[in-house]
Amino acid sequence: MKQLVCFKSVADLDQLPSSFWQQLHAAGIENLIPNINFSFLRQIFNMDDQVALELAMQMRQRLAESESEVCVESYAVTIGKETNQALMNQLLAVGFDHVVRVLPDTDSELKWNSAYKADLLANYAQEADLNLIVMGEKDSESSAGETGYVLSEKLGWPCLNNVIGYTAVGLNELQVCCESALEKTEYLVTLPVVLLTSDSASRIVLRSPTLAEKSAAKSEKITEIINDNNLEDKSLPVRKLTMSDTQRQAKILSGDLEDQVEKLWQEHLKPRWRS
């Protein structure tokens, strides 16, 4: 069994103080946000992808502990130059057999270009003869949530979302657990399949490698592949990005404290009170 986990890195915007966004909004230059350089910020794994990476390692661990005859070869693949070497080395340290960077043959912004990214991943999956793809449903930058579904359609594979766990029960079968806000469902799936994970479904984080694992990973090499398939670039350039002006409806009660309490009860609480 060969599993491919797709991932990307994003800037850790939590490092920016709230005053940065307030000043940006006050200056009226929100339309420049797509062009602001956040490269000085620390890079972290996209949260949905981090779930996918950890679930892949959990399955390998379960198979090893149960002494299963199923052998799993794990690939971690990212597109573009954004992901730094340290994060990719971390994946080698936690147990991925291959960490691959696919370099596109376009300089266009791929953040909102799900079709192009799906083409790149589909080509790589077919060339590497993979039969299981796991990836985050969306990224924290665009939140488009399209790439996994487009990839599934291009490959002609079934797709499950909200995945919180999976394990091999045979050479070509998986037991997959999905969880939504209302229910938890288990499926028995025949490969090939695309699995989509979400950070909102379960708070799963990628394990941290030990110092020994980090040291051993230094001798491993990261593979770089330059795409030369002349895929059509269908990117949609972003011209403007503005903040949504959302305000909660509120009423200010006037008068002294007793009057305010009386109005609160008579006008707002009493009509909704259920005896």
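Definitions and limits used
- Residues numbered from 1 in each chain as written.
- Predicted model: local features only at pLDDT ≥ 70, side-chain atom pairs only at ≥ 80, totals over all residues.
- Heavy atoms only, no water.
- UniProt positions renumbered as here; feature names shortened; annotations may be inferred.
- Helix = DSSP H or I, 4+ residues; strand = E, 2+ residues; numbered from the N terminus.
- Buried < 20%, exposed > 50% of the residue type's maximum accessible area, 1.4 Å probe, protein only.
- Patch = residues over 30% accessible without salt bridge, like charges linked within 9 Å, V, L, I, M, F, W, Y side chains within 5 Å.
- Areas by Shrake-Rupley, 256 points an atom, 1.4 Å probe, with all protein chains shown as cover.
- Salt bridge = Lys/Arg side-chain N within 4 Å of Asp/Glu carboxyl O.
- Pairing = 2+ DSSP bridges.
- Axes fitted to C-alpha atoms, helices over the stretch in contact; angles between N-to-C directions.
- Contact = heavy atoms within 4.5 Å.
- Core = buried A, V, L, I, M, F, W, Y, C linked by side-chain atoms within 4.5 Å.
- Polar contact = N/O pair within 3.5 Å; in protein donor to acceptor, adjacent residues only side chain to side chain.

As recorded by UniProt, the Sequence similarities (unreviewed entry) comment attached to the chain reads in full: "Belongs to the ETF beta-subunit/FixA family."

## Things to note about the environment of Thr210
Inspection of the secondary structure puts Thr210 in the loop between β10 (193–197) and α6 (211–217). Using a relative accessible area of 42% as the deciding quantity, one classes Thr210 as partly exposed. Put simply, Thr210 and Gln90 are 120 residues apart on the chain and 10.0 Å apart in space, counted from C-alpha to C-alpha.

## Considerations on a nonpolar patch on the surface
Taken together, Leu264, Trp265, Leu269 and Trp273 make up a surface patch of nonpolar side chains, about 420 Å² in accessible area. Structurally, Leu269 can be placed in helix α7 (residues 257–269).

## Remarks on the pattern of salt bridges
Tallied over the full model, the rule gives six salt bridges. One salt bridge connects Asp48 with Lys138, and the closest N-O pair in it is separated by 3.7 Å. On the criterion of sequence distance, the pair formed by Asp48 in helix α2 (residues 47–65) and Lys138 in the loop between β6 (132–136) and α5 (147–155) is long-range, its members being 90 residues apart. By relative accessible area, which is 34% here, Lys138 ends up partly exposed. A salt bridge links Arg101 to Glu224; its shortest N-O distance comes to 3.5 Å. Linking Arg101 in strand β5 (residues 98–103) with Glu224 in strand β11 (residues 223–226), this pair joins segments that are 123 residues apart in sequence. Under the relative-accessibility criterion, Arg101 is labelled buried at 6%.

## Details of the sheet that holds β11
Whether parallel or antiparallel, the strands of a sheet pair through hydrogen bonds between backbone atoms. Taken in spatial order, the nine strands line up as β9-β8-β7-β10-β6-β1-β4-β5-β11 in an open sheet, and their pairing is mixed. The outermost strands of the open sheet, each flanked by one partner alone, are β9 (184–190) and β11. Averaged over all pairs of adjacent strands, the angle between their axes in this sheet comes to 30°, without regard to strand direction. Relative to the sheet, helix α3 (residues 85–94) contacts β4 (73–79) and β5, its axis offset from that of β5 by approximately 145°. Seen against the sheet, helix α4 (residues 114–127) touches β1 (2–6), β4, β5, β6 and β11 and runs at an angle of roughly 150° to β4.

## Digging into the nonpolar core
In terms of nonpolar packing, the biggest core is built from 40 residues, with Phe96, Tyr166, Leu174 and Leu195 touching the most fellow members. Those elements that place two or more of their residues in this core are α2, α3, β6, β7 (159–170), β8 (173–179) and β10. The greatest single-element share of this core, amounting to eight residues, is contributed by α2. Not counting the four nearest positions on each side in its chain, Phe96 is found in contact with Val5, Leu53, Ala56, Met57, Ser74, Tyr75, Ala76 and Leu91. Membership of the second largest hydrophobic core comes to 24 residues, among which are Cys6, Leu110, Leu121 and Ala125.

## So, the side chain of Glu54
Mapped onto the secondary structure, Glu54 falls in helix α2. Since its relative accessible area comes to 6%, Glu54 is described here as buried. Only 2.8 Å separates the side chain of Glu54 from the side chain of Arg207, close enough to count as a polar contact. Excluding residues that lie within four positions of it along the chain, Glu54 makes contacts with Ile204, Val205, Leu206 and Arg207.

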